[in-house]
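# Remarks on the overall topology
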Amino acid sequence: MPPHRSSGLNAALHTPRLVLEPLLGSHAAALFPILWDPGTQRWIAEPRATSVADLTARWTRNETRTSPDGATAWLGWAVRRVEDGVYIGKIDAEVDAQLAPHLAPNVGYVFSPAYWGRGYATEAVSATVAHLITHGVTELHATVTVGNDASCRVLERCGFERARVLAANDVIRGVAHDDWLYVRRVGG
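Below: a short report on this structure. What you see is a predicted model, and the numbers here were worked out from it, not measured in a lab.

### So, the nonpolar core
As a rule of thumb, nonpolar side chains are buried together in soluble globular proteins. Among the nonpolar cores identified, the biggest contains 32 residues, and Leu20, Leu75, Val79, Ile91, Leu132, Leu140 and Phe160 are the most heavily contacted of them. Mapped onto this core, the elements with two or more residues apiece are strand 2 (18-22), strand 3 (72-81), strand 4 (87-96), strand 6 (106-111), helix 5 (120-134), strand 7 (139-145) and helix 6 (149-157). The greatest single-element share of this core, amounting to six residues, is contributed by helix 5. Excluding its chain neighbours within four sequence positions, the residues that come into contact with leucine 20 are Ala11, Ala12, Leu13, Trp77, Ala78, Val79, Ile91, Ala124 and Thr128. Ranked by size, the runner-up nonpolar core spans twelve residues in total, among them Leu31, Ile34, Ile44 and Trp59.

Next comes the structure, spelled out in structure tokens:
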């Protein structure tokens, strides 16, 4: 992926209530408690960082937000509220420049349970989707663990449609879980 496209994709985003900042190692201290919250852990399959230092190192290693071969943009944003500067979650997305330059095969998000039900996730995901579309992405995919109805509603509000079940797609704390695949297509 050309560096100019990757940096353009990983730009800061603004909504009326939120700022989405490109994810850096310096965001680890604010976001670590959210990632370890029992409410979010119920749905997260990614390997958990064991400490703030571990998460800082992980995110600092890839502040360019690209895969080692440079082909895929691994985008990430720390989400904070405008009114008080509090970090409330994060969003991730991938864009593969070689195999499918108009596809974001993985859009994901996690928000602090303290801020659930206030429309922040919908606002942030909508901003991310609009941003990716502006940069030429015409199809976006997201997966949601079956049973996570709140996340399903967020994606549906953002124009995603439920496509199918992906059997045993995720492993959460050693247990296989089915996921719903959601797809959003632009222009057809």
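### Considerations on the pairing of strand 8 (residues 161-172)
The two faces of a sheet get side chains in turn, since along a regular strand they alternate between them. Looking at chain direction, strand 8 and strand 9 (residues 175-185) are connected through eight bridges and run antiparallel. Bridge pairing in strand 9 places isoleucine 172 opposite valine 175. The loop that links strand 8 with its antiparallel partner strand 9 comprises two residues; one of these, arginine 173, has a positive phi angle of about 50°.

### Description of the sheet that holds strand 2
A sheet is described by the order of its strands in space; here five strands give the open sequence 1-2-3-4-6, paired in antiparallel fashion. The two strands at the open ends of the sheet, each matched to only one other strand, are strand 1 (13-14) and strand 6. Where strand 2 and strand 3 come together, five bridges link them in antiparallel fashion. Bridging across to strand 3, valine 19 finds its partner in arginine 80. Its contacts with the sheet place helix 2 (residues 28-36) against strand 3, strand 4 and strand 6, and it is angled at close to 90° to strand 4.

### Structural notes on the sheet that holds strand 9
The mixed open sheet is built from four strands, whose spatial order is 5-7-9-8. The open sheet has two edge strands, strand 5 (103-104) and strand 8, and neither has a second partner. Where helix 5 meets the sheet, it contacts strand 5, strand 7 and strand 9, and its direction lies at approximately 150° from that of strand 7.

### Looking at the environment of aspartate 92
The topology assignment puts aspartate 92 in strand 4. Sequence separation between aspartate 92 and alanine 78 is 14 residues; the distance between their C-alpha atoms is 9.1 Å. Polar side-chain contacts of aspartate 92 include one of 2.5 Å to the side chain of lysine 90.

### Topic: the environment of alanine 121
Its location among the elements puts alanine 121 in helix 5. Judged by its relative accessible area of 16%, alanine 121 is buried. Distance from alanine 121 to serine 151, taken between C-alpha atoms, is 8.6 Å for residues 30 residues apart in sequence.

### Description of the pattern of salt bridges
Applying the stated rule across the entire model yields seven salt bridges. Ionic pairing is found between arginine 80 and glutamate 21, a salt bridge with its closest N-O pair at 2.4 Å. With a gap of 59 residues between them, arginine 80 in strand 3 and glutamate 21 in strand 2 connect regions that are remote in the sequence. Measuring nitrogen to oxygen at the nearest pair gives 3.5 Å for the salt bridge that ties glutamate 139 to arginine 185. Note that glutamate 139 is positioned in strand 7 and arginine 185 in strand 9, a separation of 46 residues in sequence. Looking at glutamate 139, the relative accessible area reads 22%, which means it is partly exposed. Taking relative accessible area as the criterion, arginine 185 reaches 52% and is therefore assigned exposed. Each member of the salt-bridge network shares a partner with another, and the members are Arg81, Glu83 and Asp84.

Cut-off values and rules
- Residues numbered from 1 in each chain as written.
- Predicted model: local features only at pLDDT ≥ 70, side-chain atom pairs only at ≥ 80, totals over all residues.
- Heavy atoms only, no water.
- Core = buried A, V, L, I, M, F, W, Y, C linked by side-chain atoms within 4.5 Å.
- Buried < 20%, exposed > 50% of the residue type's maximum accessible area, 1.4 Å probe, protein only.
- Helix = DSSP H or I, 4+ residues; strand = E, 2+ residues; numbered from the N terminus.
- Contact = heavy atoms within 4.5 Å.
- Pairing = 2+ DSSP bridges.
- Axes fitted to C-alpha atoms, helices over the stretch in contact; angles between N-to-C directions.
- Polar contact = N/O pair within 3.5 Å; in protein donor to acceptor, adjacent residues only side chain to side chain.
- Salt bridge = Lys/Arg side-chain N within 4 Å of Asp/Glu carboxyl O.

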